[in-house]
Amino acid sequence: MITVVGLGPGNPGYLTVKGYSLLESADIIIGSSRQLQEVPATTSAKQMVLPKKLDELEQFLRQHIMKDLVLLASGDPLLYGIGKWVLERFRPEEVTIISGISSIQYICAKAGISMNDLYISSSHGKVPDFDFLLAHSKVAMVTDKKIGPYEIAVEITKRNLRKRMIIGENVSYPNEKIYRLSPIEVEKNYNMNVVVIEDER
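The notes below deal with the structure included here. These numbers were taken from a predicted model, which means no experiment stands behind them.

Overview of the pattern of salt bridges
Move 1: Scanning the model with the defined rule gives 15 salt bridges in all.
Move 2: The residue Glu88 makes a salt bridge to Lys84 at a minimum N-O spacing of 2.6 Å. You can see Glu88 and its partner Lys84 sitting in helix α4 (residues 83-89), 4 residues apart, about one turn around the helix.
Move 3: With relative accessibility at 54%, the residue Lys84 sits in the exposed group.
Move 4: Residue Arg159 pairs with Glu155 through a salt bridge whose shortest N-O separation is 2.7 Å.

This is the structure:
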(Lines give C-alpha, C1' and ligand atoms only; values in the text may rest on other atoms or scores of the structure.)
Protein backbone atom coordinates (compact mmCIF):
# COMPACT_ATOMS: atom_id res chain seq x y z
CA MET A 1 0.00 0.00 0.00
CA ILE A 2 1.26 3.47 -0.91
CA THR A 3 0.35 6.35 1.38
CA VAL A 4 1.31 9.84 0.25
CA VAL A 5 1.68 12.05 3.32
CA GLY A 6 1.71 15.83 3.03
CA LEU A 7 4.19 17.22 5.53
CA GLY A 8 2.82 20.75 5.55
CA PRO A 9 4.61 23.98 4.62
CA GLY A 10 7.92 23.04 6.27
CA ASN A 11 7.86 23.30 10.04
CA PRO A 12 7.19 19.80 11.48
CA GLY A 13 4.62 21.33 13.83
CA TYR A 14 2.23 21.57 10.88
CA LEU A 15 2.25 17.83 10.18
CA THR A 16 -1.22 16.40 10.90
CA VAL A 17 -1.75 13.87 13.68
CA LYS A 18 -2.86 11.31 11.06
CA GLY A 19 0.29 11.90 9.02
CA TYR A 20 2.46 11.53 12.14
CA SER A 21 0.78 8.24 13.03
CA LEU A 22 1.36 6.82 9.53
CA LEU A 23 5.03 7.78 9.62
CA GLU A 24 5.43 5.91 12.90
CA SER A 25 3.80 2.72 11.57
CA ALA A 26 5.37 2.66 8.08
CA ASP A 27 7.74 -0.02 6.84
CA ILE A 28 9.52 2.30 4.38
CA ILE A 29 9.48 6.10 4.14
CA ILE A 30 10.59 7.73 0.89
CA GLY A 31 11.32 11.43 0.47
CA SER A 32 13.91 14.07 -0.31
CA SER A 33 16.81 14.56 2.10
CA ARG A 34 15.12 17.68 3.50
CA GLN A 35 11.78 15.91 3.93
CA LEU A 36 13.35 12.94 5.70
CA GLN A 37 14.82 15.30 8.29
CA GLU A 38 11.24 15.99 9.43
CA VAL A 39 10.41 12.32 10.07
CA PRO A 40 9.82 11.62 13.80
CA ALA A 41 12.78 9.95 15.48
CA THR A 42 10.37 7.46 17.07
CA THR A 43 9.68 5.64 13.79
CA SER A 44 11.47 2.37 13.08
CA ALA A 45 10.78 2.60 9.34
CA LYS A 46 13.56 2.24 6.81
CA GLN A 47 14.21 5.63 5.21
CA MET A 48 15.04 6.02 1.54
CA VAL A 49 16.07 9.14 -0.37
CA LEU A 50 13.80 9.81 -3.33
CA PRO A 51 15.41 8.57 -6.59
CA LYS A 52 16.30 11.28 -9.09
CA LYS A 53 14.31 9.53 -11.82
CA LEU A 54 10.60 8.94 -11.30
CA ASP A 55 10.79 5.73 -13.36
CA GLU A 56 13.07 4.32 -10.66
CA LEU A 57 10.62 5.40 -7.98
CA GLU A 58 7.73 3.71 -9.77
CA GLN A 59 9.71 0.48 -10.10
CA PHE A 60 10.60 0.52 -6.40
CA LEU A 61 7.00 1.15 -5.34
CA ARG A 62 5.73 -1.71 -7.50
CA GLN A 63 8.34 -4.09 -6.12
CA HIS A 64 7.40 -3.25 -2.51
CA ILE A 65 3.65 -2.62 -2.88
CA MET A 66 2.83 -5.27 -0.23
CA LYS A 67 4.64 -3.24 2.43
CA ASP A 68 3.40 -0.09 4.18
CA LEU A 69 5.08 2.54 1.98
CA VAL A 70 4.93 6.22 2.85
CA LEU A 71 5.87 8.70 0.13
CA LEU A 72 6.48 12.19 1.50
CA ALA A 73 5.16 15.33 -0.14
CA SER A 74 5.72 18.96 0.71
CA GLY A 75 2.51 20.79 1.55
CA ASP A 76 -0.55 19.11 0.10
CA PRO A 77 0.26 16.13 -2.21
CA LEU A 78 -2.43 17.13 -4.71
CA LEU A 79 -1.52 20.82 -4.92
CA TYR A 80 1.32 20.70 -7.45
CA GLY A 81 2.72 17.74 -5.55
CA ILE A 82 3.56 14.12 -6.24
CA GLY A 83 0.05 12.89 -5.46
CA LYS A 84 -1.21 13.31 -9.03
CA TRP A 85 1.78 11.35 -10.38
CA VAL A 86 1.06 8.43 -8.02
CA LEU A 87 -2.67 8.34 -8.82
CA GLU A 88 -1.95 8.21 -12.54
CA ARG A 89 0.26 5.11 -12.16
CA PHE A 90 -1.38 2.99 -9.47
CA ARG A 91 -4.88 1.65 -8.87
CA PRO A 92 -7.07 3.68 -6.48
CA GLU A 93 -7.16 0.81 -3.99
CA GLU A 94 -3.33 0.88 -3.82
CA VAL A 95 -3.06 4.56 -2.88
CA THR A 96 -4.12 6.70 0.06
CA ILE A 97 -3.56 10.46 0.09
CA ILE A 98 -3.19 12.27 3.42
CA SER A 99 -3.56 15.98 2.85
CA GLY A 100 -1.15 18.44 4.37
CA ILE A 101 -1.31 22.21 4.78
CA SER A 102 0.08 23.81 1.63
CA SER A 103 2.29 26.90 1.64
CA ILE A 104 -0.58 28.69 -0.14
CA GLN A 105 -3.05 27.82 2.63
CA TYR A 106 -0.45 28.85 5.19
CA ILE A 107 0.28 32.29 3.74
CA CYS A 108 -3.40 33.04 3.19
CA ALA A 109 -4.12 32.24 6.84
CA LYS A 110 -1.10 34.22 8.04
CA ALA A 111 -1.87 37.26 5.90
CA GLY A 112 -5.66 37.14 6.35
CA ILE A 113 -6.48 36.45 2.70
CA SER A 114 -9.75 34.72 1.80
CA MET A 115 -9.25 31.76 -0.54
CA ASN A 116 -12.85 31.70 -1.84
CA ASP A 117 -12.00 33.56 -5.05
CA LEU A 118 -8.35 32.53 -5.33
CA TYR A 119 -6.88 31.16 -8.56
CA ILE A 120 -4.02 28.76 -7.75
CA SER A 121 -1.05 28.08 -10.00
CA SER A 122 2.65 27.28 -10.07
CA SER A 123 5.74 28.33 -12.00
CA HIS A 124 7.70 25.16 -11.25
CA GLY A 125 9.43 24.03 -14.42
CA LYS A 126 7.30 26.16 -16.74
CA VAL A 127 6.70 29.68 -17.97
CA PRO A 128 3.21 30.76 -16.87
CA ASP A 129 0.72 32.43 -19.20
CA PHE A 130 0.89 35.81 -17.49
CA ASP A 131 -1.84 37.39 -19.60
CA PHE A 132 -4.21 34.69 -18.35
CA LEU A 133 -2.98 34.72 -14.75
CA LEU A 134 -2.96 38.46 -14.28
CA ALA A 135 -6.48 38.78 -15.66
CA HIS A 136 -7.61 37.26 -12.35
CA SER A 137 -8.24 39.56 -9.39
CA LYS A 138 -6.43 37.24 -6.97
CA VAL A 139 -3.78 34.62 -7.77
CA ALA A 140 -1.56 32.45 -5.59
CA MET A 141 1.58 30.91 -7.04
CA VAL A 142 4.11 28.44 -5.78
CA THR A 143 7.28 29.70 -7.43
CA ASP A 144 10.78 28.45 -8.20
CA LYS A 145 14.20 30.04 -8.69
CA LYS A 146 13.67 30.66 -12.40
CA ILE A 147 10.34 32.47 -12.13
CA GLY A 148 9.88 33.97 -8.69
CA PRO A 149 8.51 37.17 -7.16
CA TYR A 150 10.79 39.51 -9.12
CA GLU A 151 9.91 38.01 -12.51
CA ILE A 152 6.20 38.16 -11.63
CA ALA A 153 6.57 41.80 -10.59
CA VAL A 154 8.23 42.61 -13.94
CA GLU A 155 5.29 41.07 -15.81
CA ILE A 156 2.81 43.11 -13.75
CA THR A 157 4.76 46.33 -14.35
CA LYS A 158 5.02 45.68 -18.10
CA ARG A 159 1.23 45.57 -18.28
CA ASN A 160 0.74 48.69 -16.12
CA LEU A 161 -1.57 46.76 -13.80
CA ARG A 162 -2.56 48.00 -10.36
CA LYS A 163 -1.65 45.01 -8.23
CA ARG A 164 -0.05 44.33 -4.88
CA MET A 165 2.03 41.30 -3.95
CA ILE A 166 2.19 39.31 -0.73
CA ILE A 167 5.42 37.29 -0.68
CA GLY A 168 5.99 34.53 1.84
CA GLU A 169 9.65 33.63 2.27
CA ASN A 170 10.68 30.49 4.19
CA VAL A 171 7.09 30.15 5.39
CA SER A 172 6.58 28.38 8.74
CA TYR A 173 10.32 28.32 9.50
CA PRO A 174 11.96 30.48 12.22
CA ASN A 175 13.39 32.81 9.54
CA GLU A 176 9.99 33.33 7.90
CA LYS A 177 9.29 36.74 6.39
CA ILE A 178 6.08 37.98 4.83
CA TYR A 179 6.21 41.06 2.62
CA ARG A 180 3.36 43.23 1.30
CA LEU A 181 4.77 45.15 -1.65
CA SER A 182 3.88 46.97 -4.81
CA PRO A 183 5.50 45.39 -7.90
CA ILE A 184 8.12 48.15 -8.14
CA GLU A 185 9.26 47.42 -4.57
CA VAL A 186 9.95 43.72 -5.21
CA GLU A 187 13.64 42.75 -5.08
CA LYS A 188 15.40 39.95 -6.95
CA ASN A 189 16.16 37.31 -4.32
CA TYR A 190 13.76 35.52 -2.00
CA ASN A 191 14.14 31.97 -0.62
CA MET A 192 11.56 29.16 -0.75
CA ASN A 193 8.67 31.45 -1.55
CA VAL A 194 4.99 31.54 -2.33
CA VAL A 195 3.30 34.61 -3.81
CA VAL A 196 -0.23 36.03 -3.72
CA ILE A 197 -1.07 38.71 -6.30
CA GLU A 198 -4.15 40.87 -5.66
CA ASP A 199 -5.82 43.79 -7.36
CA GLU A 200 -5.14 47.01 -5.50
CA ARG A 201 -8.10 48.05 -3.38
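Still more ground to cover, so stick around.
Topic: the nonpolar core
Move 1: Of all hydrophobic cores here, the largest spans 17 residues; its most connected members are Ile2, Ile30, Leu61 and Val86.
Move 2: Beyond its immediate sequence surroundings of up to four residues, Val86 is in contact with Ile2, Val4, Leu71 and Val95.

A closer look at the pairing of strand β4 (residues 69-73)
Move 1: Within β4, 5 of the 5 residues are buried, which leaves the element mostly enclosed by the surrounding structure.
Move 2: Side-chain alternation along β4 places Leu69, Leu71 and Ala73 on one buried face and Val70 and Leu72 on a second face that is also buried.
Move 3: Note that strand β1 (residues 2-6) and β4 share 5 bridges and pair parallel. Within β4, the position partnered with Val4 by the bridge is Leu71.
Move 4: Taken together, the 3 bridges between strand β2 (residues 28-31) and β4 define a ladder with parallel strand orientation. The residue bridging Ile28 from the neighbouring strand is Leu69, located in β4.

Brief notes about the sheet that holds β2
Move 1: Ordered in space as β3-β2-β4-β1-β5, the 5 strands form an open sheet in which the pairing is parallel. Both outer strands of the open sheet, β3 (46-49) and β5 (95-98), are each paired with one neighbouring strand and no more. The mean inter-strand angle of the sheet, taken between neighbouring strand axes irrespective of direction, is 20°.
Move 2: Taken together, the 4 bridges between β2 and β3 define a ladder with parallel strand orientation. By the bridge assignment, Ile29 is partnered in β3 with Gln47.
Move 3: Helix α3 (residues 54-63) rests against β1, β2, β3 and β4 of the sheet, and its axis sits at about 170° to β2.

Thoughts on the packing of aromatic side chains
Move 1: For the structure shown, the criterion picks out 3 aromatic pairs.
Move 2: Centroid distance Tyr119 to Phe132: 5.5 Å. Interplanar angle 80°. Geometry classified as edge-to-face. Of this pair, Tyr119 sits in strand β6 (residues 119-122) while Phe132 is found in helix α6 (residues 130-133), placing the two residues 13 residues apart along the sequence.
Move 3: Geometry around Phe90 places Arg62 over its ring, the cationic atom sitting 4.3 Å from the centre.

What to know about helix α7 (residues 149-158)
Move 1: For α7, the set of buried residues is Pro149, Ile152, Ala153, Glu155 and Ile156. With its buried residues spanning 160° around the axis, α7 presents them on a single face.
Move 2: Here the buried face of α7 lies against α6, β7 (138-142), β8 (163-169) and β10 (193-199).
Move 3: Where α7 terminates, the next one or two residues include Asn160, which has phi positive at roughly 55°.

Concerning the environment of Ile184
Move 1: Summarising the element assignment, Ile184 is placed in the loop between β9 (177-181) and β10.
Move 2: Taking the C-alpha atoms as reference, Ile184 lies 34 Å from Gly100; in sequence the two are 84 residues apart.

Looking at the layout of surface pockets
Move 1: Each pocket or cavity is described by its volume, and for the largest pocket that value is around 950 Å³.
Move 2: What lines the largest pocket is a set of 40 residues, among which Arg34, His124, Val142, Thr143 and Met192 lie closest to the centre.
Move 3: Contributions of two or more residues to the lining of the largest pocket are made by α2 (33-36), β4, α7 and β10.
Move 4: Per element, the largest residue contribution to the lining of the largest pocket is 3 residues, and it comes from α7.
Move 5: Of the residues that constitute the lining of the largest pocket, the class distribution is 17 nonpolar, 16 polar and 7 charged.

Cut-offs and rules
Residues numbered from 1 in each chain as written. Predicted model: local features only at pLDDT ≥ 70, side-chain atom pairs only at ≥ 80, totals over all residues. Heavy atoms only, no water. Salt bridge = Lys/Arg side-chain N within 4 Å of Asp/Glu carboxyl O. Helix = DSSP H or I, 4+ residues; strand = E, 2+ residues; numbered from the N terminus. Buried < 20%, exposed > 50% of the residue type's maximum accessible area, 1.4 Å probe, protein only. Core = buried A, V, L, I, M, F, W, Y, C linked by side-chain atoms within 4.5 Å. Contact = heavy atoms within 4.5 Å. Pairing = 2+ DSSP bridges. Axes fitted to C-alpha atoms, helices over the stretch in contact; angles between N-to-C directions. Phe/Tyr/Trp six-rings, centres within 6.5 Å; stacked < 30°, edge-to-face > 60°. Lys NZ or Arg CZ within 6 Å of the ring centre and 35° of its normal. Arc of directions from axis to C-beta. 1 Å grid on protein atoms, 1.4 Å probe; cavity = no way out; pocket = protein on both sides within 12 Å on 5 of 7 lines; lining within 4 Å. Points joined across faces, edges and corners; volume = space filled by probe spheres on them. Nonpolar A, V, L, I, M, F, W, Y, C, P; charged D, E, K, R; others polar.

In short, geometric facts, not functional conclusions.
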